[in-house]
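# Working through the structure, step by step
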Amino acid sequence: MTSLAPVPPGLASDPWQSHAARIAAIVDETPGVRTYDIELENAAHRAAYRFKPGQFNMLYLPGIGEAAISVSSDPAVSATISHTVRAVGNVTDALARLGVGDQVLCRGPFGTPWPVERVAGRDVVVVAGGLGLASQRAAILHLTRPGRSRRLTVLHGAKRPDGLLYAREYEAWRNAGVDLRTIVDEAEPAWPGPRGLVTSLLRDAIRDPAATTLLCCGPDPMMLGVAEAAIAADVLPAEVFLSLERTMACAVAHCGLCQFGPHFVCRDGPVLRFDRIAPLMRIPQL
Amino acid sequence: MTAPQTGSWHWLDAAGLQHLIDALRRRRHRVVGPQVADGAIVLRDLARASDLPAGWLDEQDGGSYRLRHDPGAGTFDHVVGPHSLKNFLFPARETLATFTRDGGGWTQAPRPEADAPLAVLGVRGCDLAALAVQDRVFLGSGAVDEGYRARRETLFLVAVNCRRAAATCFCHSMACGPAAGPGYDLALTEIAGRFACEIGSARGAAVLADAGDAGALITACTIGEIDAARAVPRDLAAEMHARQATSTGPAPRSLDTHDIRDLLMANPEHPRWDDVASRCLSCTNCTLVCPTCFCASVQEVADLSGDHVNRERHWSSCFSLDHSRMHGHTVRSTTASRYRQWATHKFAWWFDQFGTSGCTGCGRCITWCPVGIDVTAALAAIRATDARTTPAAPEPLP
């Protein structure tokens, strides 16, 4: 008898098939935000699991619900899969009550990735507002490897200094060649860093606009502002990528909840090219 | 008699409908058909052909549905009620997955056995078109919905060619009717108390042959009779295209679909959205009766122990605040934005998503709107003052 090849979770024939995983580690990040490293229980699924930077999993707690969470770990490592989560609702609050060894169920990965495969020789500018950086960490880890891009700049803004995400990793990122700049809206007088909006860092960061690809994740108005500022600085609209967030139930373009104009954010996004969504971004309440 | 085969036409007399139902039931189909219940014609389990709504007509208008008995009316001279195939193929509640807790973990149960195959009698052109639209959503857009697939693969369809239209019907504008098809197993055209039956599939031929073997009187149609049967929905289509509003009775609906996708894409800020919103109750009726609307949410349903959980899919609606609620805010907080979402999705973005319109012209959203909002009127108003061709109103003086 031939054994069946393991089916990666995202390719399960039934999109509602969940896969059991155990929490392998929990890291406190910023206030209310933790990173959960999970390990799929089934060895074949664990070995077969692959994701691309920018994709997300549906994390499920039976009886409580399911939430779409970006995968934030290094895509070259599939033994554990990281999810950085802010406790803001039923599912994420319940997740915050779990500990190492507890079970979560997982479907995924879903969605479109950041265009990290086609930026060799280009400048990549990552712009992250607050927790938006979670969806870009996988891209940063991927792009710090030699030859993946010409220059990698990360601009990260947060409300307050304690909201700067993954601060424990900044030194390693800088050592790997990342030009990392942070900015906060408000801070104690002693705060040494710059204050203001992340958009204000953009002009300096774009050094060769024709050869720049911009990856942005944050609240919709912030992303629109960043995209427009980048285009004003001569970055091509087709080289600006945004990762949108919408509530979703299915992750496979069936439930309709995440629609953004003609796009199903779960399937056609979350990463969308700005030139394809610019008119939609400017329509209120779309 | 020539043996029934795909593409051939046969007469079925009035008694033959019972033989047809019996033949389907012998093949273990659950048979569903239109019946009068609670003041409307709805789709219900059907065992007796005598339960079909012979002699009943439905008078429909914006926010109005009335049944009227007319002894001269045929078995299928009513049009569409609040139910469609969606109620059966994509039910309002469905368990998607079941989980049981054992020790420190949860186990997902295998999918349950499929339900008995379904046969639906009396399906109209608009609803066959709507089925094809939902097929693209649940089967043809990447991921396959297993429950829908199982029900769809065994579905047996007895279509009916309409010979009457309600005022709310505009299938002729959407090119979805009044002629039924394709996609049926059998299609009936009622003529003088009997039914010209066109066979649309090998399964349809087998079922009709079964009905004949069990005693149904089945005779081949002549070429002239086939032409006469084909003329029935064609004549109705011509009549629908020629309909004019009169001072008495409800206005007959139609829709100019020329360039409609771009028309809506170009008018997201049109004042008509606010005008409709001033009347819209956000009640979600239009999306519930729509045969193509597919939005859904998933609810966790646990027993008292908390150790057994069903994940239930419930119909959702873009008219509800929950539909676009995120932590912290709601994307579409105004009624105007939600009506715009519904109409622009249905008549514009659906083309981008599925290569087809999301509307089949069945008219249910007009009839079942409690305040009689008429999508054909809203779209005509937007076309009349299209932002692309209408000069902007002058700024009011300070």
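Residues numbered from 1 in each chain as written. Chains lettered and ligands numbered in written order. Predicted model: local features only at pLDDT ≥ 70, side-chain atom pairs only at ≥ 80, totals over all residues.

## Quick word on the overall build of chain A
Within chain A, the regular secondary structure consists of seven helices and 14 strands. A compact globule built from 286 residues should have a C-alpha radius of gyration of about 19 Å, and chain A, at 19 Å, falls within 12% of that. Principal axes of the C-alpha set define a box for chain A whose edges measure 60 × 40 × 40 Å. Expressed as a percentage of its 286 residues, the buried residues of chain A come to 51%. Put simply, of all contacts in chain A between residues at least 6 apart along the chain, 70% involve residues at least 24 apart. (Helix = DSSP H or I, 4+ residues; strand = E, 2+ residues; numbered from the N terminus. Rg over C-alpha atoms; globule rule 2.2 N^0.38 Å. Buried ≥ 20, exposed ≤ 12 C-beta atoms within 10 Å, placed from the backbone. Contact = placed C-beta atoms within 7 Å.)

## Describing the interface of chain A and chain B
Reports often express the size of an interface as the amount of accessible area lost when the parts come together. The interface of chain A with chain B comprises 30 residues on the first partner and 40 residues on the second. For the side of chain A that touches chain B, the per-class residue count stands at 14 nonpolar, 12 polar and four charged. (Nonpolar A, V, L, I, M, F, W, Y, C, P; charged D, E, K, R; others polar.)

## Considering the pairing of strand β14 (residues 308-315) of chain B
Residues and elements named next belong to chain B. Alignment of strand β6 (residues 93-102) against β14, held across seven bridges, turns out to be antiparallel. Each bridged residue has a counterpart across the sheet, and for R93 the counterpart in β14 is H314. Looking at chain direction, strand β13 (residues 296-302) and β14 are connected through seven bridges and run antiparallel. Counted as the bridge partner of V298 is R313 from β14. Taken together, β13 and the strand that follows it, β14, pair antiparallel across an intervening segment of five residues, in which G306 is found at a positive phi of about 80°. (Pairing = 2+ DSSP bridges.)

## Considering unusual backbone geometry
Residue G269 of chain A is joined to P270 of chain A through a cis peptide bond whose omega torsion reads 10°. In this chain, G181 of chain B is followed by P182 of chain B through a cis amide linkage whose omega measures 5°. Locating P182 of chain B in the fold gives a position in the loop between α5 (171-174) and β10 (186-191). At D259 of chain B, a residue that is not glycine, the phi angle is positive and equals roughly 60°. Looking at where D259 of chain B falls in the secondary structure, it is placed in the loop between α7 (223-242) and α8 (260-265).

## Digging into the sheet that holds strand β1 (residues 9-12) of chain B
Residue and element names in this part refer to chain B. If you trace the eight strands from one edge of the open sheet to the other, you get β3-β2-β8-β9-β10-β11-β1-β12, paired in mixed fashion. Two strands in the sheet have a free side with no partner beyond their single neighbour: β3 (40-45) and β12 (218-220). Each adjacent strand pair in this sheet contributes to an overall mean axis angle of 25°, direction not counted. Pairing of strand β9 (residues 156-160) with β10, which is carried by three bridges, proceeds in the parallel orientation. Counted as the bridge partner of A159 is A187 from β10. (Axes fitted to C-alpha atoms, helices over the stretch in contact; angles between N-to-C directions.)

## Details of the domain arrangement of chain B
Residue and element names in this part refer to chain B. On domain assignment, one finds that chain B holds domain 1 (9-242) and domain 2 (260-384). Breaking the side of domain 1 that touches domain 2 down by element, the ones donating at least two residues are β5 (64-69), β6, α3 (125-138) and α5. The element contributing the most residues to the side of domain 1 that touches domain 2 is β6, with nine residues. Looking at side-chain class alone, the side of domain 1 that touches domain 2 contains 20 nonpolar, 13 polar and six charged residues. (Domains from an automatic or database assignment.)

## A closer look at the environment of P15 of chain A
Residues and elements named next belong to chain A. Tracing the backbone through its elements, the reader meets P15 in the segment before β1 (19-28). Owing to 21 C-beta atoms within 10 Å, P15 belongs among the buried residues under this scheme. Sequence spacing of P15 and V71 is 56 residues, and the spatial spacing of their C-alpha atoms is 18 Å.

## Re the packing of helix α1 (residues 16-26) of chain B against helix α6 (residues 202-213) of chain B
Residues and elements named next belong to chain B. It is the contact of α1 with α6, at a shortest axis distance of 8 Å, that shows an interaxial angle of 115°. Here α1 runs over α6; the crossing is right-handed. Seen from α1, the contacting residues are G16, H19, L20, A23, L24 and R26; seen from α6, they are V207, D210 and A211. Taken together, the residues of the contact of α1 with α6 break down into five nonpolar, two polar and two charged. (Left-handed = near helix turned anticlockwise from the far one by under 90°.)

## Some remarks on the confidence of the model for chain B
Any residue range with low pLDDT should be treated as having predicted coordinates unsuitable for detailed reading. Averaged over every residue, the pLDDT of chain B is 95; the share at 70 or more is 98%. ipTM for the predicted complex: 0.94, alongside a pTM of 0.95. (pLDDT = per-residue confidence, 0-100.)

## Digging into α6 of chain B
All names here are of chain B. Here α6 is 12 residues long and its end C-alpha atoms lie 16 Å apart, about the 16 Å a rise of 1.5 Å per residue gives. All of the buried residues along α6 are G204, A205, V207, L208, A211 and G212. The arc that holds every buried residue of α6, seen down its axis, measures 165°, which confines them to one face. In α6, the exposed positions angled more than 90 degrees off the buried face are occupied by A202 and D213. Looking at the buried residues of α6, the elements they touch are β1, α1, β10, β11 (194-199) and β12. Once α6 finishes, G215 follows within two positions and takes phi at roughly 120°, a positive value. (Expected span 1.5 Å × (residues − 1). Arc of directions from axis to C-beta.)

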